[in-house]
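Summary of the model geometry
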Amino acid sequence: MTASKSSAASSVPSILVLHGPNLNLLGTREPTIYGHDSLADINARLDGLTQAAGVPFLSFQSNSEGVLIDFIHTAPQKGVGFVVINPGGLTHTSVALRDALSGVALPFIEVHLSNIHAREPFRHRSMLADQAIGVITGLGVRGYEFAVMWALEFLQKRS
Ligand code: CA2
């Protein structure tokens, strides 16, 4: 499990980027599917985007479904206003993760590095997608960047 936080003004809602199981392996294996960037590379780029906009950034990765759910439960208290999530393999199985996101009622975008619809049939279904504001799939690391840019606009319009 890894968590990181970058500080900015306190009352501004933050953007939380959540990474699900096995995404800590990014950059070490399967580069043809998931690219060469490590999770730290991705988080650093997203941190740069949010810092430029003066919005606090939080990221968290866990290989455990329960730990991810507990983190989501505490997100509102942490001042999170928007979630970007790559649920990894839990995308296709986890009613519990879906319920956790619904439970905290935070707007979220689901991101996948690979195009889940161009892969095995069991990856075509997402348990979260219909609850998401949007889904970005198959654009690699850029997908996270687009999602965070969209979240920044969303929070700016709300403020
Ligand atoms: O394309 C995506 O982002 C996925 O969410 C990645 C998940 C997969 O189960 C989903 O169907 C699609 C797998 C994450 C595993 O990441 C690895 C990274 C490097 C090496 C091995 C696994």
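The notes below deal with the structure included here.

About the cut-offs
- Residues numbered from 1 in each chain as written.
- Predicted model: local features only at pLDDT ≥ 70, side-chain atom pairs only at ≥ 80, totals over all residues.
- Heavy atoms only, no water.
- Helix = DSSP H or I, 4+ residues; strand = E, 2+ residues; numbered from the N terminus.
- Rg over C-alpha atoms; globule rule 2.2 N^0.38 Å.
- Buried < 20%, exposed > 50% of the residue type's maximum accessible area, 1.4 Å probe, protein only.
- Contact = heavy atoms within 4.5 Å.
- Areas by Shrake-Rupley, 256 points an atom, 1.4 Å probe, with all protein chains shown as cover.
- Lys, Arg positive; Asp, Glu negative; His and termini not counted.
- Charge placed at Lys NZ, Arg CZ, Asp CG, Glu CD.
- Near = heavy atom within 4 Å.
- Polar contact = N/O pair within 3.5 Å; in protein donor to acceptor, adjacent residues only side chain to side chain.
- Pairing = 2+ DSSP bridges.
- Right-handed = clockwise from strand over helix to strand, strands pointing away.
- Salt bridge = Lys/Arg side-chain N within 4 Å of Asp/Glu carboxyl O.
- Expected span 1.5 Å × (residues − 1).
- Arc of directions from axis to C-beta.

Tallying secondary structure elements over the protein gives 5 helices and 6 strands in all. Scanning the protein from its N terminus toward the C terminus, one meets helices and strands in the order β-β-α-α-β-α-β-α-β-β-α. For 159 residues, the compact-globule estimate of 2.2 N^0.38 gives 15 Å, and the protein sits close to it at 14 Å. Projecting the C-alpha coordinates of the protein onto the three principal axes gives extents of approximately 45 × 30 × 30 Å. Here the protein holds 159 residues, and the buried ones make up 47% of them. For the protein, the proportion of contacts with a sequence separation of at least 24, taken over those separated by at least 6, is 78%. Approximately 7700 Å² of the protein is accessible, and the part contributed by carbon and sulfur atoms is 55%. Once the 11 positive and 12 negative side-chain charges of the protein are each reduced to a mean point, those two points are 2 Å apart.

Attention shifts here to the site of the ligand. Within the structure, the ligand sits among 17 residues, and Asn-86, His-92, Leu-113, Ser-114 and Arg-123 are positioned closest to it. Taking Asn-86, its side chain carries an N or O atom lying 2.8 Å from an oxygen atom of the ligand. Residue Ser-114 places a side-chain N or O atom 2.5 Å away from an oxygen atom belonging to the ligand. Burial of the ligand by the protein chains amounts to 93% of its free accessible area of 510 Å².

Taken across its 5 residues, strand β5 (residues 108-112) has 5 buried, putting it largely inside the fold. Burial of the side chains of β5 extends over both faces: Phe-108, Glu-110 and His-112 are buried on one face and Ile-109 and Val-111 on the other. The sheet contact formed by strand β4 (residues 80-86) and β5 spans 3 bridges and is parallel. Bridge assignment links Val-83 to a residue of β5, and that residue is Phe-108. You can see the chain leave β4, run along helix α4 (residues 95-104) and come back into β5, and the turn it takes is right-handed. Note that β5 and strand β6 (residues 134-137) share 4 bridges and pair parallel.

In this section: the pattern of salt bridges. Enumeration according to the criterion identifies 6 salt bridges in this entry. The partner of Arg-45 in a salt bridge is Glu-145, with the nearest N and O atoms 3.2 Å apart. Remark: Glu-145 occurs in helix α5 (residues 141-158) and Arg-45 occurs in helix α2 (residues 39-53); sequence separation between them is 100 residues. Glu-120 serves as the salt-bridge partner of Arg-123, at 2.7 Å between the closest nitrogen and oxygen. According to the relative accessible area criterion, Arg-123 is buried, its value standing at 18%. According to the relative accessible area criterion, Glu-120 is partly exposed, its value standing at 32%. Linked through salt bridges whose partners overlap, the residues forming this network are Asp-37, Arg-45, Arg-142 and Glu-145.

Now for α2. Think of an α-helix as turning once every 3.6 residues; residues three or four places apart then point the same way. The terminal C-alpha atoms of α2 lie 21 Å apart, and with 15 residues this matches the ideal 21 Å at 1.5 Å per residue to within 8%. Within α2, burial applies to Leu-39, Ile-42, Asn-43, Leu-46, Asp-47 and Thr-50. With its buried residues spanning 130° around the axis, α2 presents them on a single face. Opposite the buried face of α2, by more than 90 degrees, sit the exposed residues Ala-40, Gln-51 and Ala-52. At the exit of α2 stands Gly-54, carrying a positive phi of roughly 75°.

Keep in mind that these numbers describe shape and distance, not what the molecule does.
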